[in-house]
Amino acid sequence: MINNWLDTIWLIPCYSLIGAMLSIIWFPGITRKTGPRPAGYINIFMTFCSLVHAIVALTVAWGQPAHLLSFPWLAVGGLNFTLDLQVSTITVVAIVLIAGINLLAGIYAVGYMEMDWGWGRFYALLALFEAGMCSLVLCDSLFFSYVVLEILTLGTYLLVGIWYNQSLVVTGARDAFLTKRIGDLFLLVGVVGLFPLAGTWNFTELAEWAKTADVNPTTITLVTLALMVGPMGKCAQFPLHLWLDEAMEGPLPSTVLRNSVVVATGAWVLIKLQPLFALSPFTQQAIIAVGSATALGATLIAIGQIDVKRSLSYLTSAFMGLIFISVGTGNTHSAYILILSHALAIALLLMSVGSIISNNISQDLTLMGGLWNRRPISGICFLVGALGLIGLPPLGGFWAMVDLLNSLWQDNPALAELLLLINGLIAFSLMRVFGLIWGGKPKQMTERSVEPLWLIVIPMTLMAGLVLHVPQMLFSWGVIPNWMQMLSPDALLLSGSSVAGLVTGGYLYLNQQVPKPVTLPWLGLQKFFANDFYTPKLYKVTIVGLVDGVSKGIYWFDRFFVDGVGNFFGLATLFSGQNLRYSTFGQLQLYTLTIMVGIGVLLLLLFNRAL
C-alpha cells in the first residue's frame, strides 16, 4: 500500500488532464443552458485530487532515497527510448507546490472571472499547465523534458490569447510564443548534440557521466551554450525577456500561475543540467553574466513602470536571474530555495494587486492611491508578499538569499555586492508599488473601492499564511540549521540592504510632502528605464529588421524571378498555341508562314555562329 502511492504518482498529471478533457463538454451549445461554471468546478476538484495524492506521497517519500520508475516507449535503430521518472522528496514537494498554487489560483479565478463565459477553455488550459509542470518535475529524461516544455509553450500561447478579440492580447500571445520558440530551437540543438557525447538523456546518468567525462572543450561548450538558451527563454532572461511582460495581457489568475511556477520550469531544467555546465567554465560564466544582467536590469525597469502587473513581471525575471547566478556558481541548494520562496511570494503579490484591479478596472499606478483604509486585507497581504520576497528575516526570501550570499563572498565578492544591490532595489520597487496603491489620498479610480468577493479574499489570505510559514517549513526540512544565523555578518548586510530599500521607498512614496510622480534628475535615464532599455526598438532594428529585409528579398526573388520565368514560358506556350491553332481551321498559309519564319531564324543563328 505504501509503495502504491509512489508507484502511481504518474497519475497526478492525469487527474488534471481528465479535468481538461471534461471541460470540452461545455462547448457553446451546452454553456447557454448550464452556464460555464461546471467546467471550473470540475477542474478545481481534479486539482484538489492531485494535491491530496501529492501530499500523501510526500509523507511516504519523506526521508527516503529517490524512487525510480521507467516505462518503455520506443526501441528502433539501436535507440531505446524510455520514459524515466524520479520520485524524490524534492520532486514531490515541487508537485505539492504546483498543485497548491493552481488550486488557489483556480478558486481565485471563480471570483475574478465571474462574468466571463470562457471558463471551459480557461480552466482546461490551467489544467494543461498543471499536468505539464507535474510531468516535468517527475521526468528524469532531458528528451521528454524538452517535449513537455514544447507543450507548455503552446499552452502559454493559448492561455495568454484567450481573449482573442483584443488586439493587444493577440500580439502578446504571438510574441510570447515566438520568443520562447527561439529558446526551444536552441535547446533542441543542444539535446540532439548531447546524445552522441553522453549516450544518454537521463538526468541521473548525465550527472554520473559528467564526473568522469573527457570531451573536447569546444564541443561541450557549444552544446552547453545551446542547452542554456532554452531556460533563458522560459525564465524570461535578457534578451529573451519581453514575452513575460507582454503576457500580462492575459487573465490575472493565469498570471498568478505563470509568474510563480511556469517560469520556474526553465530554472528546474537549468538546475538539472548543472553538472553538464560545470564541464565548461565559459558556459558557467555566460550563465552568471545573463543572470546578473537580467537581475539588475529587470529590477531597474520594474521601478520605471506605471503598469502594476508589468512592474511585478519584471521582478519575476529578476528573481529568475538570481537562480541563474546560483546555478552558474554551482549553488543549486540556494536555487531550490529561491524557487520555493519566489513562487509563493510573487503569487501572493499578484493576488493582492489583482484584488485591486478586479473592481478598480485600472492597472495604472498613477491613478491609484489612498486604499489603506478601504482595502486593508489586500494591503496586509501585499506587505507579507513583499517581505517574503526580499532578504528580510525571518521569511523565505531571506534564507534563500543569505544562503547564496554566504557562498558568493568566498569566491565571487563582486557578485555578493551585486546581490545586496539587487535586493535593495527590489525592496524599493515593492515599496513604491505599495505606496502608490495604498498610500496617499484616494483618487478618482479608488474613491469607492472596497474589498472584493470572498472567493478572491480567501485564496489570497491562505497564500499569505503559506508565505508566513515558509521559515517553519524550511526549518523542519533541515534547510535552516540554526536560527542564530540571522545575526551573522552576511545576514545583517542582507537585512540592511532590505531595510534601506524599504525606508527609501517609503520616504518617497508614503510621504505626502514629496511631490508625485517622483522623477529622476535625468529625464533621459528615466525614459531609458521606463522604455525597457529600448529593447523593443532594438528588436525592430536588428532581429525584426533582418527578418523583414530577408522576407522582402525572398518576396522580390519569388515575384519577379520565379514567377517571371514561369510567366515567360506560359506566355510563350500560349503564343505558340494561338498561332498553331490556325492549322486546324484551314488557314494553312499562316501555318506555313510561321514555319518558314522559324526556319529563317534558325538559319540566321547558325550563320552567325559560323562567322
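Rules used throughout
Residues numbered from 1 in each chain as written. Predicted model: local features only at pLDDT ≥ 70, side-chain atom pairs only at ≥ 80, totals over all residues. Heavy atoms only, no water. Salt bridge = Lys/Arg side-chain N within 4 Å of Asp/Glu carboxyl O. Helix = DSSP H or I, 4+ residues; strand = E, 2+ residues; numbered from the N terminus. Buried < 20%, exposed > 50% of the residue type's maximum accessible area, 1.4 Å probe, protein only. Core = buried A, V, L, I, M, F, W, Y, C linked by side-chain atoms within 4.5 Å. Contact = heavy atoms within 4.5 Å. Phe/Tyr/Trp six-rings, centres within 6.5 Å; stacked < 30°, edge-to-face > 60°. Lys NZ or Arg CZ within 6 Å of the ring centre and 35° of its normal.

1. A short note on the pattern of salt bridges
For side chains of opposite charge, pairing can occur when their charged atoms come near one another.
Now for step 1: Using the criterion set out here, one finds 3 salt bridges in the structure.
Now for step 2: A salt bridge links lysine 234 to aspartate 184, with the nearest nitrogen and oxygen atoms 3.2 Å apart. Residue lysine 234 is located in helix H10 (residues 217–234), and its partner aspartate 184 is located in helix H8 (residues 167–198); the two are separated by 50 residues in the primary sequence. For the pair lysine 234 and aspartate 184, one class covers both residues: buried.
Now for step 3: One salt bridge in this structure joins glutamate 208 and lysine 211, with 3.3 Å as the shortest N-O distance. Here glutamate 208 pairs with lysine 211, and both are found in helix H9 (residues 203–212), just 3 residues apart, close to one helical turn.

2. Notes on the nonpolar core
Now for step 1: Formed by 178 residues in total, the largest nonpolar core has its most connected members in Leu227, Leu322, Leu430 and Ile437.
Now for step 2: For leucine 322, the residues in contact, after removing those within four places along its chain, are Ala295, Leu338, Met401, Leu404, Leu419 and Ile422.

3. Describing the packing of aromatic side chains
Now for step 1: As enumerated under the stated definition, the model contains 16 aromatic pairs in all.
Now for step 2: Seen in terms of ring centroids, tryptophan 62 and tryptophan 477 are 6.0 Å apart; in terms of plane orientation they differ by 45°. Their pairing is tilted. Separated by 415 residues along the polypeptide, tryptophan 62 in the loop between helix H4 (37–61) and strand E1 (67–76) and tryptophan 477 in the loop between helix H21 (454–476) and helix H22 (489–509) bring together distant segments of the chain.
Now for step 3: Owing to a relative accessible area of 36%, tryptophan 62 belongs among the partly exposed residues under this scheme.
Now for step 4: Arranged with centres 6.0 Å apart and planes meeting at 20°, the rings of tyrosine 108 and tyrosine 112 form a pair that is stacked. Taken together, the residues span about one helical turn, with tyrosine 108 and tyrosine 112 both in helix H5 (residues 89–112) at a distance of 4 residues.
Now for step 5: Taken together, the aromatic side chains of Tyr41, Trp119, Phe122 and Tyr123 make up a single cluster linked through ring pairs.
Now for step 6: Over the aromatic face of tryptophan 243 sits the side chain of lysine 180, whose NZ or CZ is 4.5 Å from the ring centroid.

4. A word on helix H12 (residues 252–262)
Now for step 1: Among the 11 residues of H12, 11 are classified as buried, and the element is accordingly described as predominantly covered.
Now for step 2: Of the positions making up H12, those classed as buried are Leu252, Pro253, Ser254, Thr255, Val256, Leu257, Arg258, Asn259, Ser260, Val261 and Val262.

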